[in-house]
Amino acid sequence: GESVGLHLPTLSVQEGDNSIINCAYSNSASDYFIWYKQESGKGPQFIIDIRSNMDKRQGQRVTVLLNKTVKHLSLQIAATQPGDSAVYFCAENMVKGGANSKLTFGKGITLSVRP
Amino acid sequence: GAVVSQHPSRVICKSGTSVKIECRSLDFQATTMFWYRQFPKQSLMLMATSNEGSKATYEQGVEKDKFLINHASLTLSTLTVTSAHPEDSSFYICSAENQGVGSPLHFGNGTRLTVT
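Now for a quick tour of the structure. (Residues numbered from 1 in each chain as written. Chains lettered and ligands numbered in written order. Predicted model: local features only at pLDDT ≥ 70, side-chain atom pairs only at ≥ 80, totals over all residues. Heavy atoms only, no water.)

Take the nonpolar core next. One finds Trp35, Leu79, Tyr92 and Leu113 of chain B to be the most contacted residues of the largest nonpolar core, which totals 23 residues. Put simply, the parts of the chain that give this core at least two residues each are β2 (10–13), β3 (19–25), β4 (32–38), β5 (44–51), β7 (67–73), β8 (76–81), β9 (90–97) and β11 (111–115) of chain B. Ranked by size, the runner-up nonpolar core spans 21 residues in total, among them Cys23, Leu66, Leu75 and Ile109 of chain A. (Core = buried A, V, L, I, M, F, W, Y, C linked by side-chain atoms within 4.5 Å. Buried < 20%, exposed > 50% of the residue type's maximum accessible area, 1.4 Å probe, protein only. Helix = DSSP H or I, 4+ residues; strand = E, 2+ residues; numbered from the N terminus.)

Counted according to the given criterion, the structure contains nine aromatic pairs over all chains. Measuring from centroid to centroid gives 5.8 Å for phenylalanine 105 of chain A and phenylalanine 107 of chain B, while their planes differ by 80°, and the two rings are edge-to-face. Of this pair, phenylalanine 105 of chain A sits in strand β10 (residues 104–105) while phenylalanine 107 of chain B sits in strand β10 (residues 106–107), placing the two residues on different chains. Residue classification places phenylalanine 105 of chain A among the buried residues on the basis of a relative accessible area of 8%. Judged by centre distance (6.3 Å) and plane angle (45°), the ring pair of phenylalanine 67 of chain B and tyrosine 92 of chain B falls under tilted. Of the two residues, phenylalanine 67 of chain B is situated in strand β7 and tyrosine 92 of chain B in strand β9; the sequence distance between them amounts to 25 residues. Grouping residues by exposure puts phenylalanine 67 of chain B and tyrosine 92 of chain B together as buried. An aromatic cluster is present here, built from Tyr36, Phe46, Phe89 and Phe105 of chain A together with Tyr36 and Phe107 of chain B joined pairwise through their rings. Above the face of the tyrosine 32 of chain A ring, arginine 51 of chain A is positioned so that its terminal group lies 4.0 Å from the ring centre. (Phe/Tyr/Trp six-rings, centres within 6.5 Å; stacked < 30°, edge-to-face > 60°. Lys NZ or Arg CZ within 6 Å of the ring centre and 35° of its normal.)

By a frequent convention, interface size equals the accessible area lost on bringing the separate parts together. Between chain B and chain A, the contact holds 19 residues from the first and 21 residues from the second. Note on chain B versus chain A: buried area summed over both sides is about 1500 Å², and carbon and sulfur give 53% of it. There are zero salt bridges connecting chain B and chain A. Taken together, the connections running from chain B to chain A amount to three residue pairs in polar contact (both at pLDDT 80 or more). When residues of the side of chain B that touches chain A are traced back to their parent elements, those giving at least two are β4, β5 and β9 of chain B. For the side of chain B that touches chain A, the class distribution of residues is ten nonpolar, seven polar and two charged. (Contact = heavy atoms within 4.5 Å. Buried area = accessible area lost by both parts, 1.4 Å probe. Salt bridge = Lys/Arg side-chain N within 4 Å of Asp/Glu carboxyl O. Polar contact = N/O pair within 3.5 Å; in protein donor to acceptor, adjacent residues only side chain to side chain. Nonpolar A, V, L, I, M, F, W, Y, C, P; charged D, E, K, R; others polar.)

Turning next to the environment of leucine 68 of chain B. All names here are of chain B. Tracing the chain through its elements places leucine 68 in strand β7. Residue class for leucine 68 comes out partly exposed when judged on its relative accessible area of 38%. Between the alpha carbons of leucine 68 and threonine 80 there is a distance of 4.9 Å; along the sequence they are twelve residues apart. Contacts of leucine 68, omitting those with residues within four sequence positions, involve Tyr58, Thr78, Leu79, Thr80 and Thr82.

This part covers the sheet that holds β3 of chain B. Residue and element names in this part refer to chain B. Strand order in the open sheet made by the four strands is β1-β3-β8-β7, with antiparallel pairing throughout. Both edges of this open sheet fall to β1 (4–7) and β7, since each of them pairs with a single strand only. The average undirected angle you get between the axes of adjacent strands in this sheet is 15°. Across five bridges, β7 lies against β8 in antiparallel orientation. Bridge assignment links phenylalanine 67 to a residue of β8, and that residue is valine 81. (Pairing = 2+ DSSP bridges. Axes fitted to C-alpha atoms, helices over the stretch in contact; angles between N-to-C directions.)

A few words on the side chain of aspartate 88 of chain B. Residue and element names in this part refer to chain B. When you line up the elements, aspartate 88 lands in the loop between β8 and β9. The exposure class assigned to aspartate 88 is buried, which follows from its relative accessible area of 6%. Of note is the side chain of aspartate 88, whose polar atom sits 2.7 Å from the side chain of lysine 66. In this structure aspartate 88 touches Arg37, Lys66, Phe67, Val81, Ser83, Leu113 and Val115, once residues within four positions along its chain are discounted.

Keep in mind these values describe shape, not function.
Shown next, in the form of C-alpha cells:
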C-alpha cells in the first residue's frame with residue numbers, strides 16, 4: 001500500500017550548522033503535509049505544515065520544501081541547536097472537505113546535535 | 001495555543017487488569033480525536049478514530065473489544081485497555097482535531113503503559 005517514509009534513520013550535525021531532513025511520500029492524493037518533533041517520552045510537537053498548492057513555507061528557523069513532482073518533502077533547520085535534538089516525523093493527510101482526516105506518519109529520523 | 005492533556009502519563013498494571021487513559025482538549029472542542037500507539041524507536045501507528053457521540057472507527061488489526069474508546073463529550077475521549085497483557089505495554093498517544101478548518105492536529109504527551 002501507499003506509505004510515507006524517510007530516507008535516513010539518523011542524522012548527526014554540528015551545533016550551528018544547518019540540518020536537512022528528508023521525507024518521501026507515495027500517496028499522490030495527499031495534499032497536506034506536517035512535520036512533527038518528538039522528544040523522548042513526549043507526544044509529537046507541531047513544527048510546520050504545508051499544503052500542496054505551495055512549494056515552500058518558512059517558519060522561525062525552519063523551512064519546509066515540497067516537491068510534488070518527485071513526491072518529496074524536506075525540513076530545513078537553520079543554525080541547529082542542542083534543543084533541536086529529537087526524532088522528527090513527516091506526516092501526510094488528505095484534507096477532505098476542509099477538515100483534517102487521519103494522519104499517516106513516516107518512520108522518523110533522529111536528529112543528534114553535536115556540541 | 002491549543003493544548004491536549006493526557007492522563008495518566010505513566011501507569012503500571014498487572015496482567016489481566018484494565019487501564020483507562022483520558023484525553024482532553026483544554027481550550028477547544030474536538031469532535032474527532034485519534035488514538036495512536038508507539039513502540040520504542042518506531043513511528044506512531046493509528047489505532048482508532050474517536051468520534052463524539054458515535055462509535056469509534058478502528059484501524060485494521062486493532063481489536064475493538066480490547067481497546068474500548070468512548071468520546072462522550074466534545075473535550076474528552078477515553079481509551080480503555082481491557083484485560084491487559086505484557087504485549088500491550090506501549091506508549092499510547094492521543095490527538096485532537098480543532099474544529100477550525102485546516103488546523104493541524106495537536107497531540108497529548110502520551111501515556112506509558114507497562115503491564116507486568
